[in-house]
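# Topology and contacts: notes
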Amino acid sequence: MVVGATGQIGRAAVGVLARDGWEVTAVSRGGARDEGWPHGVQVVRADREDHAALAAAVGDGCEVLVDMVAYGPEHARQLTSLGDRVGSAVVISSLSVYEDDKGRGFDTQQEPDGFPEYPVPITEDQRTVRPGDSSYSTRKAGLERELLAVGARLPTTLLRAGAIHGPHCRTPRELYFVKRNLDGRPRRVLAYGGESRFHPASVHNIAELIRLAAARPGSRALNAVDPDAPTVAEIARAIDAVMGVENESVLVDGPPPAPTVGDTPWSVPVPVVCDMSAAERELGYRPVVRYAQTLPDTVAWIEGRLAGRDWREAYPKMFQAYGDLFDYAAEDVLLDA
């Protein structure tokens, strides 16, 4: 059973599991069916916030429950309460649960000297933030702690995803460069010398990890990222190549020179790069795609969503998360100077 089946990762995971021979029940609030799913996928409408509805969807039981939308400790307890009817679980988490050895994590990055300095690469042994209700990171940490604590009662593989990319994303980081190219902007400002690296994670690689974990139950937390961790300047050039344009990256040393200039969704002062050795060792994982291979589909999806629409209408969650990403007037002032 896949909960959150019509989300970005869920669509890919349902297809991969069904083609691998599983009998798949796709659960979502809308109860929709993706046209790319194989015949035989059962579709169920249920809101995971409604415990009775989720329990009814589980019914007499399932071998594996894959949860795309579990968020905090209450969702962990919800899953654990179904443990007598669920063989094992695979749950999406986030690399934002990590903190550095000084106790700095993603929640402190706006503070002076607040951005964490992670080891390169980050392994699953890196310490994590203290669970709590204050943020996305602390709630994901709470989810992880409760699920790992139950152990054999509900063996759960937690996948700590990086910067997720692919079609159907509601906050596609690639929008930053795709829209600039569509708007005919020949130059873009990149902070930190264009060297920022925030590890991407393709929905296809995450789906492959889900497929492998479903067949090898265990109580574990694993990184879930691509084999590549390109710099933001490399990402910009790769998107240019897909769109058939050549643009100039104006590199600025240090942080963004203005609040709305040079601060891309990947911009970080130090690398955030993860190690995948544990997944290779425990699951036999091998990546199925590389970042550049997936870009044509991602770019086409973004272009289709933008057609004839204001970007804030097409991607409202992107605006909420990042604010004004396209302050061209402020960019021009800097570039002209």
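As shown above, the structure is provided for reference.
In this report, the structure presented in the accompanying data block is examined. (Residues numbered from 1 in each chain as written. Predicted model: local features only at pLDDT ≥ 70, side-chain atom pairs only at ≥ 80, totals over all residues. Heavy atoms only, no water.)

## Some remarks on the overall build of the chain
Test applied: Every helix listed is a DSSP run of H or I at least four residues long, and every strand listed is a run of E at least two residues long, numbered separately from the N terminus. Throughout, radius of gyration means the C-alpha value; the globule benchmark is 2.2 Å times the number of residues raised to the power 0.38. Categorising residues by exposure relies on relative accessible area from a 1.4 Å probe, with only protein chains included: less than 20% of the type maximum marks a residue as buried, more than 50% marks it as exposed, and the intermediate range marks it as partly exposed. Should any heavy atoms of two residues lie within 4.5 Å, those residues are considered in contact. Note on areas: these come from Shrake-Rupley sampling with a 1.4 Å probe, and a residue is covered only by the protein chains present in the view. When charges are counted, neither His nor the chain ends are considered; positive counts come from Lys and Arg and negative counts from Asp and Glu. To locate a charge, the coordinates of NZ of Lys, CZ of Arg, CG of Asp or CD of Glu are taken.
Assigned secondary structure in the chain consists of 12 helices and 11 strands. Here the C-alpha radius of gyration of the chain, 20 Å, is about what a compact globule of 337 residues would show, namely 20 Å. Each principal axis of the C-alpha distribution contributes one length, and for the chain these read about 65 × 45 × 35 Å. The buried share of the chain, taken over its 337 residues, is 54%. For the chain, the share of sequence-separated contacts (at least 6 apart) that also reach a separation of at least 24 residues comes to 77%. When the accessible surface of the chain is summed, it comes to about 14,900 Å², and 47% of that surface belongs to carbon and sulfur atoms. Taken together, the 36 basic and 48 acidic charged side chains of the chain have centroids lying 4 Å from each other.

## Considering helix 6 (residues 203–215)
Let me state the cut-off plainly: Under the convention used throughout, the expected extent of a helix is 1.5 Å for every residue step, that is, one less than its residue count. Under this definition, polar contacts are N or O atom pairs within 3.5 Å; protein pairs additionally need one hydrogen-donor-capable and one acceptor-capable atom, and for neighbouring residues in sequence, both atoms have to be side-chain atoms.
For helix 6, spanning 13 residues, the distance from its first C-alpha to its last is 19 Å, which sits close to the expected 18 Å at 1.5 Å a residue. Burial analysis of helix 6 places 10 of its 13 residues in the buried class, the great majority of the element. Looking only at helix 6, the buried set comprises Val-203, Asn-205, Ile-206, Ala-207, Glu-208, Leu-209, Ile-210, Leu-212, Ala-213 and Ala-214. Near the N-terminus of helix 6, the side chain that reaches the backbone nitrogen of His-204, with its oxygen 3.0 Å away, is that of Ser-202.

## Examining the nonpolar core
Convention followed: Note on terminology: a nonpolar core comprises buried Ala, Val, Leu, Ile, Met, Phe, Trp, Tyr and Cys residues joined through side-chain atoms within 4.5 Å.
In terms of nonpolar packing, the biggest core is built from 71 residues, with Leu-159, Phe-177, Ile-206, Ile-210 and Val-272 touching the most fellow members. Of all the elements, helix 6 adds the most residues to this core, at 8 residues. If we skip the residues at most four places from it in the chain, Phe-177 touches Arg-188, Leu-190, Val-232, Ile-235, Ala-236, Ile-239, Thr-264 and Trp-266.

## A look at helix 9 (residues 291–306)
Quick reminder of the rule: The term bend refers to the angle at a residue between two fitted axes, each drawn through seven residues, those ending there and those starting there.
With 16 residues, helix 9 ought to run about 22 Å at 1.5 Å a step, and its terminal C-alpha atoms sit 22 Å apart, in line with that. Taking the largest bend as the criterion, helix 9 deviates by roughly 30°, centred on Asp-297. Within the sequence span of helix 9, burial applies to Tyr-291, Thr-294, Leu-295, Thr-298, Val-299, Ile-302 and Leu-306. The inward-facing, buried residues of helix 9 contact strand 7 (163–165), helix 5 (175–182), strand 9 (200–202), helix 6, helix 7 (232–243) and helix 10 (311–314). Two residues or fewer after helix 9 comes Gly-308, characterised by a positive phi angle close to 70°.

## Remarks on the pattern of salt bridges
Pairs can form between side chains of opposite charge once their charged atoms are near each other. Which entries qualify depends on this criterion: Each reported salt bridge corresponds to a side-chain nitrogen of Lys or Arg within 4 Å of a carboxyl oxygen of Asp or Glu.
Counting across every chain of the model gives 20 salt bridges. One salt bridge in this structure joins Glu-146 and Arg-77, with 2.7 Å as the shortest N-O distance. Of this pair, Glu-146 sits in helix 4 (residues 136–150) while Arg-77 is found in helix 3 (residues 73–81), placing the two residues 69 residues apart along the sequence. For Asp-310, the salt bridge identified is with Arg-312, shortest N-O distance 3.0 Å. Here the residues in one salt-bridge network are Arg-180, Arg-185, Glu-331 and Asp-332, joined through shared partners.

## A closer look at the side chain of Thr-231
Note on placement: Thr-231 falls in the loop between strand 10 (220–224) and helix 7. Judged by its relative accessible area of 9%, Thr-231 is buried. For Thr-231, the contacting residues outside a window of four places in its chain are Gly-194, Glu-195, Ser-196 and Arg-197.

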